[in-house]
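# Breakdown of the fold
Spelled out, the chains give:
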Amino acid sequence: MSKKNVLFIAGGAFGSITSADVNKKSSIGFAESAHVIDEKHEGVKKLEAKDFIKYGMTQELIGRFPVIVQLHQLTEEEIYKIMTEPKNSVVEQYKNLVKHMGSELNFDDELLRKIASDAIKTGTGARGLRTVIESLVENIIYELPDKKDVKKVVVHKGMMENHEAARYITSPAPIKEKKTRKRQNNATTPSEQENTQK
């Protein structure tokens, strides 16, 4: 197979790598954008190939990657947007699943903010979002088919803090109209018939 038009991209988390040349300023190509980001993050060090070699990677492997770009840790607001803005986000996926079951699934905004905050505190970032949300929605998926007239299910902050249950909002029962039997003009009761015979 020809590799002429194939682009290889490798990524990873290397938290303990430190740069040997902090004040490096010269760069070309895509690496230039890394310095633009560095100016917005004080203390961020520009990494080079030799830093990865010192970390333990082989020269033959590092030599095949001519461009090295650093990514910075996500902020709480960015993690919140990951859950709410993409059309195929994990939140939207579960909303669509419940929609196919005939109900509406709503996530409380305070809950999503707390999930984002916890992701920063624990250091899991965006990688742990599906696990957290799935643990909140799991029981709903199993319980919903057995519940009747559920219009909406609300996943709220209390489910994480106090292990509360989700809020199930049911549709109001339809009002049954009383059917009144109209008496025909020519119809008579048995007592009326008896009086007329007398």
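### As for the overall build of the protein
- A count of helices and strands for the protein gives 9 helices and 3 strands.
- Counting helices and strands in the order they occur from the N terminus, the protein gives α-α-α-α-α-β-α-α-β-α-β-α.
- Within the protein, the proportion of its 198 residues that are buried is 24%.
- Long-range contacts, defined as pairs at least 24 residues apart, comprise 61% of the intrachain contacts of the protein with a sequence gap of at least 6.

### Focus: the environment of Arg-113
- Tracing the sequence through the fold places Arg-113 in helix α6 (residues 109–122).
- Residues Arg-113 and Ile-79, 34 residues apart in the sequence, show an inter-C-alpha distance of 8.9 Å.
- Those residues within four positions of Arg-113 in sequence are excluded, and the remaining contacts are Glu-76, Glu-77 and Tyr-80.
- Within the structure, the side chain of Arg-113 is placed 2.8 Å from the side chain of Glu-77, a separation counted as a polar contact.

### Let's talk about helix α7 (residues 129–143)
- For α7, spanning 15 residues, the distance from its first C-alpha to its last is 22 Å, which sits close to the expected 21 Å at 1.5 Å a residue.
- Along its length, α7 shows its largest kink, about 35°, at Val-137.
- Residues Leu-129, Ile-133, Leu-136, Val-137 and Ile-140 constitute the buried set of α7.

### Details of the nonpolar core
- The biggest cluster of nonpolar side chains holds 25 residues, and the ones touching the most others in it are Met-83, Leu-105, Phe-107, Ile-115, Ile-133 and Val-155.
- Only α4 (76–84), α5 (90–100), β1 (104–107), α6, α7 and β2 (150–155) provide two or more residues apiece to this core.
- The residues touching Met-83, leaving out its near neighbours within four places in the chain, are Ser-89, Val-91, Leu-112, Ile-115, Ala-116, Leu-129 and Ile-133.

### Overview of the pattern of salt bridges
- Applying the stated rule across the entire model yields 6 salt bridges.
- Notably, a salt bridge pairs Glu-77 with Arg-113, separated by 2.8 Å at the nearest N-O pair. Taken as a pair, Glu-77 in helix α4 and Arg-113 in helix α6 lie far apart in primary sequence, 36 residues in all.
- Of the residues examined, Glu-77 reaches a relative accessible area of 37% and is grouped as partly exposed.
- Notably, a salt bridge pairs Arg-113 with Asp-109, separated by 3.8 Å at the nearest N-O pair. Here Arg-113 and its partner Asp-109 are both found in helix α6, 4 residues apart, which amounts to about one turn of the helix.
- For Arg-113, a relative accessible area of 29% corresponds to the partly exposed category.
- Here the salt bridges share partners, and the residues they tie into one network are Glu-77, Asp-109 and Arg-113.

### Let's talk about the sheet that holds strand β3 (residues 167–170)
- What the 3 strands build is an open sheet, ordered β1-β2-β3; its pairing is mixed. Two strands in the sheet have a free side with no partner beyond their single neighbour: β1 and β3. Put simply, the sheet's adjacent strands are angled 20° from each other on average, direction ignored.
- Judged from the 4 bridges that link them, β1 and β2 form a sheet pairing that is parallel. Residue pairing across strands places Leu-105 opposite Val-153, the latter belonging to β2.
- Across the face of the sheet, α7 comes into contact with β1, β2 and β3 while running at roughly 155° to β1.

### Digging into a nonpolar patch on the surface
- Where nonpolar side chains cluster on the molecular surface, the patch consists of Val-67, Val-69 and Leu-71 and spans about 300 Å² of accessible area.
- If you trace the backbone, Leu-71 turns up in the loop between α3 (59–62) and α4.

### Some remarks on the confidence of the model for the protein
- Per-residue confidence for the protein gives a mean pLDDT of 79; residues scoring 70 or more make up 71%.
- Between the elements of the protein, mean pLDDT differs from a low of 42, seen in helix α1 (residues 31–40), to a high of 96, seen in β1.
- In this model residues 20–40 is a low-confidence stretch, pLDDT under 50, and it forms 24 contacts with partners more than four residues away in sequence or in other chains.

Criteria and cut-off values
- Residues numbered from 1 in each chain as written.
- Predicted model: local features only at pLDDT ≥ 70, side-chain atom pairs only at ≥ 80, totals over all residues.
- Heavy atoms only, no water.
- Helix = DSSP H or I, 4+ residues; strand = E, 2+ residues; numbered from the N terminus.
- Buried < 20%, exposed > 50% of the residue type's maximum accessible area, 1.4 Å probe, protein only.
- Contact = heavy atoms within 4.5 Å.
- Polar contact = N/O pair within 3.5 Å; in protein donor to acceptor, adjacent residues only side chain to side chain.
- Expected span 1.5 Å × (residues − 1).
- Bend = angle between axes of the 7 residues up to and from the residue.
- Core = buried A, V, L, I, M, F, W, Y, C linked by side-chain atoms within 4.5 Å.
- Salt bridge = Lys/Arg side-chain N within 4 Å of Asp/Glu carboxyl O.
- Pairing = 2+ DSSP bridges.
- Axes fitted to C-alpha atoms, helices over the stretch in contact; angles between N-to-C directions.
- Patch = residues over 30% accessible without salt bridge, like charges linked within 9 Å, V, L, I, M, F, W, Y side chains within 5 Å.
- Areas by Shrake-Rupley, 256 points an atom, 1.4 Å probe, with all protein chains shown as cover.
- pLDDT = per-residue confidence, 0-100.

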